[in-house]
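As a plain string of letters, each chain reads:
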Amino acid sequence: MSELQSGLQAFIAQGVFAFMLTFVRVGTALMIMPGLGDNLVPQQVRLYIALGFTFVIFPITSSYMPNPMPSSVLLFVLIIFEFVTGVFIGTIARILLTALDVAGMILSMMIGLGNAQMFNPIMASQGSLIGAFLSITGITLLFVTNMHHLLLMGVFESYHAFPVGEMLEAESMAEMIAKVVSSSFRIGIQMSLPLIVIGTIMYISMGVLARIMPQIQVFMLAMPLQVLLGLITFGMIAATAVLFWLKEFENGMVFFLSQSF
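Computed from a predicted structure; not experimentally measured. Residue indices begin from 1 for each chain and proceed along its sequence in written order. Side-chain atom pairs in this predicted model are given and counted only at pLDDT of 80 or more, local residue features only at pLDDT of at least 70, and totals for whole chains, interfaces and linings cover all residues. Calculation of side-chain values draws on the structure's entire complement of heavy atoms; hydrogens and water are dropped beforehand.

Draft legend 1. A look at the overall build of the protein chain. Along the protein chain, the regular secondary structure elements total eight helices and two strands. Numbering of helices and strands starts at the N terminus; helices are DSSP runs of H or I of at least 4 residues and strands are runs of E of at least 2. Element order for the protein chain, N to C, with α for helix and β for strand: α-α-α-β-β-α-α-α-α-α. In the protein chain, buried positions account for 43% of the 261 residues. A fraction of 79% describes how many contacts in the protein chain between residues 6 or more apart in sequence connect residues 24 or more apart. Counting only carbon and sulfur atoms, one obtains 72% of the accessible surface of the protein chain, whose full area is about 13700 Å². Relative accessibility decides the category of a residue: with a 1.4 Å probe and only protein chains considered, values under 20% of the type maximum give buried, values over 50% give exposed, and everything between is partly exposed. In what follows, a contact means two residues having at least one pair of non-hydrogen atoms within 4.5 Å. Areas reported as accessible are Shrake-Rupley estimates using a 1.4 Å probe. Residue values count occlusion only from the protein chains shown.

Below, the structure is given as structure tokens:
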């Protein structure tokens, strides 16, 4: 009977240990990831989602946990390693989302609304009007297209690439983050490229007009025309630009998962 009780206690202790370490990685990643980890989602809801997802996968992830349970010092080190891994996974997805804010800022400047700033709830900071619109639209499409399943799958499959107890290499992390940041700026510029071309042509035309007819107030003529052409062009390319970002977001996450796993 005593052996049965000791075995049961060890099983319970190992289960609690696996649940705790799984929750550290999953909870940290979900608190940063776009959509589930945005400020629009209450902290209690994010906590419940993380606890529920952890409860579902920890019977599987327990096979990746060290057995027997380490001492208190090693346990603290494992918690730090799992926290860093969760932050890394969530940050990669968050950086890919910033492409919408980059595109929004460029589009706002080309339209003539660069000085019109507002609070962007997705980025939790001041941003452009178009950037806030694109960010909210992008998050909506993530859930509409079930792209958040890809994010959850990445967290679950991370136990193959980043085993419990192994610290991520700083050089590899920096290289991956640098690639994602450059991709994010590239996507933002590509999304706003039509307006960049139209705006450049309009600026050149206004400059030529100012040289030909100096008596014309070019600024008074250019600003309404810039806003009008910018809004018309943005209305024509908005759907295509957001769908382009969604495809690039999927490709970026798949590339990250393939490089890691």
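Draft legend 2. Looking closely at the nonpolar core. Buried Ala, Val, Leu, Ile, Met, Phe, Trp, Tyr and Cys residues form a nonpolar core when they are joined through side-chain atoms within 4.5 Å. Among the nonpolar cores identified, the biggest contains 51 residues, and Leu134 and Trp245 are the most heavily contacted of them. Considering every element that reaches this core, the biggest residue donor is helix α3 (residues 72-111), with 16 residues. In contact with Trp245, other than residues within four places in its own chain, are Leu96, Leu97, Ala99, Leu100, Gly138, Leu142, Ile187 and Met191. Membership of the second largest hydrophobic core comes to nine residues, among which are Leu21, Phe58, Leu75 and Tyr159.

Draft legend 3. Structural context of unusual backbone geometry. One non-glycine residue with positive phi stands out, namely Asn146, at about 60°. Along the chain, the position of Asn146 falls in the loop between α4 (129-144) and α5 (148-161). The exposure class of Asn146 is partly exposed, given its relative accessible area of 41%.

Draft legend 4. Seen up close, the packing of aromatic side chains. Each pair of aromatic rings taken from Phe, Tyr and Trp, with Trp reduced to its six-membered ring, is defined by centres within 6.5 Å and is described as stacked if the planes are under 30 degrees apart, edge-to-face if over 60, and tilted in the remaining cases. Throughout the structure, instances matching the rule amount to four aromatic pairs. For the ring pair Phe55 and Phe58, a centre distance of 6.2 Å and an interplane angle of 45° mean the geometry is tilted. Separated by three residues within a single helix, Phe55 and Phe58 lie in helix α2 (residues 43-61), roughly one turn from each other. Judged by its relative accessible area of 57%, Phe55 is exposed. The class of Phe58 is buried, set by a relative accessible area of 18%. Put simply, the rings of Phe19, Phe55 and Phe58 touch in pairs and so form one group of aromatic residues. Charges are assigned to positions over rings by a cutoff of 6 Å between ring centre and Lys NZ or Arg CZ, combined with an angular limit of 35 degrees from the ring normal. Against the face of Tyr159 rests Arg25, its NZ or CZ located 4.1 Å from the ring centre.

Draft legend 5. Layout of empty space enclosed by the protein. For each structure, a 1 Å grid was placed over the protein atoms alone; sets of points admitting a 1.4 Å probe that cannot get out are labelled cavities, open sets with protein on both sides within 12 Å along at least five of seven lines are labelled pockets, and lining residues have an atom within 4 Å of a point. Grid points are joined across faces, edges and corners, and a volume is the space filled by probe spheres set on the points. Evaluated as defined, the whole model comprises one cavity of 30 Å³ or more. By volume, the largest cavity amounts to about 40 Å³. If you go around the largest cavity, the residues you meet are Met110, Leu195, Ile198, Gly199, Met202, Gln226, Leu229 and Gly230. Counting residues per element, the ones that place at least two in the lining of the largest cavity are α7 (193-212) and α8 (218-260). With four residues, α7 is the largest single contributor of residues to the lining of the largest cavity. When its residues are assigned to classes, the lining of the largest cavity shows five nonpolar, three polar and no charged. In the scheme used here, Gly and all other residues not listed as nonpolar or charged are polar, with Ala, Val, Leu, Ile, Met, Phe, Trp, Tyr, Cys and Pro taken as nonpolar and Asp, Glu, Lys and Arg as charged.

Draft legend 6. Focus on the packing of α3 against α7. Angles run from 0 to 180 degrees between N-to-C directions of axes, and those axes are lines fitted to C-alpha atoms, restricted for helices to the stretch in contact. Put simply, α3 and α7 touch, their axes get as near as 10 Å, and they point 25° apart. When the axis of α3 is compared with that of α7, the two are roughly parallel. Seen along the crossing, α3 lies across α7 with a hand that is left-handed. Facing Ile106, Leu107, Met109, Met110 and Ile111 of α3, the residues of α7 in contact are Leu195, Ile196, Gly199, Thr200 and Tyr203. Every angle not falling under 35 degrees, over 145, or within 65 to 115 is termed oblique; those three ranges are roughly parallel, roughly antiparallel and roughly perpendicular. Crossing handedness is defined as follows: a turn of the near helix away from the far one that is anticlockwise and smaller than a right angle gives a left-handed crossing, while the clockwise case is right-handed.

Draft legend 7. Summary view of a nonpolar patch on the surface. The patches reported here contain residues having more than 30% relative accessible area and no salt bridge. Joining distances are 9 Å for like charges and 5 Å for nonpolar side chains (Val, Leu, Ile, Met, Phe, Trp, Tyr). A pair is scored as a salt bridge if a Lys or Arg side-chain nitrogen falls within 4 Å of a carboxyl oxygen belonging to Asp or Glu. The grouping of Met31, Leu47, Tyr48 and Leu51 at the surface amounts to a nonpolar patch, some 360 Å² of accessible area in total. The element contributing the most residues to the nonpolar patch is α2, with three residues. Along the chain, Met31 falls in helix α1 (residues 2-32). In this structure Met31 comes out as partly exposed when scored by relative accessible area, which is 33%.

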